[in-house]
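Survey of secondary and tertiary structure
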Amino acid sequence: MSRLPVEQLLPMEAHLEWQALGQELAAHDIRYHQQDAPVISDADYDALRRRYDAILAAFPELQRQATAIARVGAKPSERFSKIRHVVPMLSLANTFSDEEVGEFVDRVRRFLDWPEARELTFTAEPKIDGLSCSIRYEKGLLTKAATRGDGEEGEDVTANVRTIRSIPQRLRGDVPSVLEVRGEVYMATADFLALNARQEADGKPPFANPRNAAAGSLRQLDPSITASRPLTFFAYAWGAIEGDLPSETQSGMVAAFGSMGLPVNPLTKRCVSVEEMIAHYRLIEEKRPTLGYDIDGVVYKVDDLALQQRLGFISRSPRWATARKFPAEQARTVLLDIDIQVGRTGALTPVAKLQPITVGGVVVSNATLHNEDEIARKDVRVGDTVIVQRAGDVIPQIVAVVLEQRPEGAKAYEFPHLCPACGSHAVREIDPKTGEAEVARRCTAGLICPAQATERLKHFASRNAFDIEGLGDKQIEAFYSDGIITRPRDIFTLEARDARSLKKLKDREGYGETSVKKLFAAIVARRYVALNRFIFGLGIRHVGETTAKQLARHFGSIQRLREVAVQASADGEVAKAELTGIDGIGPILAGSIVDFFGEAHNLEELDALMAYVTPEAMEAVAAESPVSGKTVVFTGALERMSRDEAKAMAERLGAKVSGSVSKKTDLVVAGPGAGSKLADAKKHGVEVISEDEWFERVGG
Ligand code: JCF
């Protein structure tokens, strides 16, 4: 191949060649990684890749388009192919008492500004303990089915779902042209017991509970196995719909599913008061032992779909729904030891090592002891018999000690004052505002502490951050202890260092030619990473995925975030206000963001990382709305929506909502009684509109 030296290419030629190379590489990547059937030699592949990289280095403006290609690299062949949910599959927030149900209803009313006297209808239904599934019908015919997965992407289980007899292949009557029905796949108790009996007769291990049996049966590569397992289904929600919505209410939708031939739960009821909601919970609780299938609570939803729309979401859970969970199950067992784990931020967390015990159908051998004060308050001692509690999918807890069974000579537990990982002092910082000691005792060594450093690396590479396939917790621990990866940047220099090194990765225990190649490909693929993942991966204290997304959306680049955080740490009031003006970011979060960017070694690592990684801005929520990209301030009394709803609505439309008016403000929405902010708006010449005008503008 005689190709022009890169420096002699014209931009147009570079563009064309680079694009073609990208496609070629992507095709080879798929053959190599997903089909295990490469058609060119490694050397030829490397030559193509080098040319591709060289063109990119010479024409950096091509970079914006690089993502799609870079991402293909690492996708390994997996058991099931993936299906991306066009409408994400939600999870439900939990509620644990009558009081909390009341609070849920209050929150909904407050958000909607719905007076006490005005009726508000909710649905209540049993919460099935199975696994969520999304089933797509086109022109009434079943075309695709996917598990929930992480809510964004699930596994393609179409062939398996087709074997479930209660799920129709064809819907009856008048149906939307596209309808994604969502519901729970589960196994009835009697079927579960019979299946376990068969398993045991065949010398196979039994399933722990019907939920596991259902999951294990649905996720079978061989659909004939699924077919032999008695699975069933209840429909309760939906994803994408094209064509007319069959109803304007939750209950109407579920009823419509029923008349289309889908199984729906007969215990679904409409309730118009908290009392009715609680009464229905009691009824379901009473019927629980005789239902014939496992449930773990009751789901409440706002019935009116227009109101659901207004309520929207907090993080991944709808504001318009909650799951009231049944009380947790408890069991007694012996506390064998207390382990101290050191987290990413240096917090020392005590973990109870238990004599394994089954609690509500799940074997538990670890439980959280929360912190030093909790151990002291409950006077938990090694050797004690303790009561372990497990509720839903939360980590089991120790609720109490059975004092009568305390062995003689059991000593009060002394919480270590030295970090078990590095021996440095571990202290409880005093909150300057309250003067009280923080609950967590923390190792003071920062990244010098191997536990903190490895936890930060694990977090960096983890699924919701950089998502580097092949670089899991175990691999990081091994690489860290061998000094191969001690800082995030080391991940990206791994391949180059390995090429120069005499002790090759491929010769390591557990590795080979192929797995090393895959690892390198996975790392290269992450040289382009979504900005929110990048921010989340930094491991800033208190910055979870949701906050990371908000920061990414607000700042658009890591440089902007850094600038503002650095300014804020130099006591910049405007910069601080910009941080706390972002929805969901209060003074504590802002403080830890500022602290992070105030640490020289963090900035140094960030700079080093930027040499290898290009974070990409997230797409705006609503690409084009009359207010997208604008900074809006709401002030005065709003009459058609609550302040929270206004904020959520503006953000959904791609606007930034700020609490104070400055020259950067684009729009002030003022209701009656607006005061100083209105004056500020006049001073800065910012446009002021009424609430009605706001709705006209955004088409409400
Ligand atoms: O029964 C369930 N496990 C269940 C889960 C019922 C529902 O109505 C749900 C759900 C998860 C999400 N609804 C949503 C929106």
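Going along each chain's sequence as written, the residues are numbered from 1 onward. Totals for whole chains, interfaces and linings use all residues, but because this is a predicted model, local features are given only for residues with pLDDT of at least 70 and pairs of side-chain atoms are given and counted only at 80 or more. With hydrogens and water stripped out, all remaining heavy atoms of the structure feed into the side-chain values.

Some points on the site of the ligand
The criterion, for reference: Being near a molecule or strand, for a residue, comes down to having at least one heavy atom within 4 Å of it. Counting of polar contacts relies on pairs of N or O atoms within 3.5 Å, with two restrictions inside protein: one atom must be capable of donating a hydrogen and the other of accepting it, and residues adjacent in sequence are counted only when both atoms are side-chain atoms. By the criteria applied, helices consist of DSSP H or I runs no shorter than four residues and strands consist of E runs no shorter than two, each listed in order from the N terminus. Amino acid classes used here: Ala, Val, Leu, Ile, Met, Phe, Trp, Tyr, Cys and Pro are nonpolar; Asp, Glu, Lys and Arg are charged; the rest, including Gly, are polar.
Around the ligand, a shell composed of Leu90, Leu92, Glu125, Pro126, Lys127, Ile128, Glu184, Tyr236, Val299 and Lys301 is seen. One of the side-chain nitrogen or oxygen atoms of Glu125 is found 2.9 Å away from an oxygen atom of the ligand. One of the side-chain N or O atoms of Lys301 is found 2.7 Å from an oxygen atom in the ligand. Elements with a minimum of two residues in the shell around the ligand: β3 (122–128) and β10 (295–302). If one sorts the elements of the shell around the ligand by residue count, β3 sits on top with four residues. Partitioning the shell around the ligand into residue classes produces six nonpolar, no polar and four charged.

Thoughts on the sheet that holds strand β4 (residues 131–138)
To keep things clear, this is the line we draw: Here a strand pair is declared whenever DSSP counts at least two bridges between the two strands. Axis definition: a line fitted to C-alpha atoms, over the contacting stretch in the case of helices. Angles run 0 to 180 degrees between N-to-C directions. We call two residues in contact when some of their heavy atoms are within 4.5 Å.
The four strands lie next to each other as β5-β4-β7-β8, forming an open sheet whose pairing is antiparallel. Strand pairing shows two members of the sheet lacking a second neighbour, β5 (141–147) and β8 (232–242), which therefore form its edges. Strand-to-strand twist across the sheet, computed as the mean angle between neighbouring axes with direction ignored, equals 25°. As judged from the eight bridges shared by β4 and strand β7 (residues 178–186), these two strands associate in the antiparallel manner. Looking across to β7, one finds that Cys133 is bridged to Gly183. In the packing of helix α7 (residues 210–218) onto the sheet, the strands contacted are β4, β5 and β7, and the crossing angle to β4 comes to about 40°. Sitting on the sheet, helix α9 (residues 250–259) is in contact with β7 and β8, with an inclination near 110° to β8.

Points about the confidence of the model for the protein
Any segment with low pLDDT has predicted coordinates that should not be analysed in fine detail. Quick note on the threshold: How sure the predictor is of each residue is captured by pLDDT, a score from 0 to 100.
For the protein, per-residue confidence averages 89 on the pLDDT scale, and residues scoring 70 or more make up 95% of the total. The low-confidence segment residues 67–77, where pLDDT is below 50, has 28 contacts with residues more than four positions distant or belonging to other chains.

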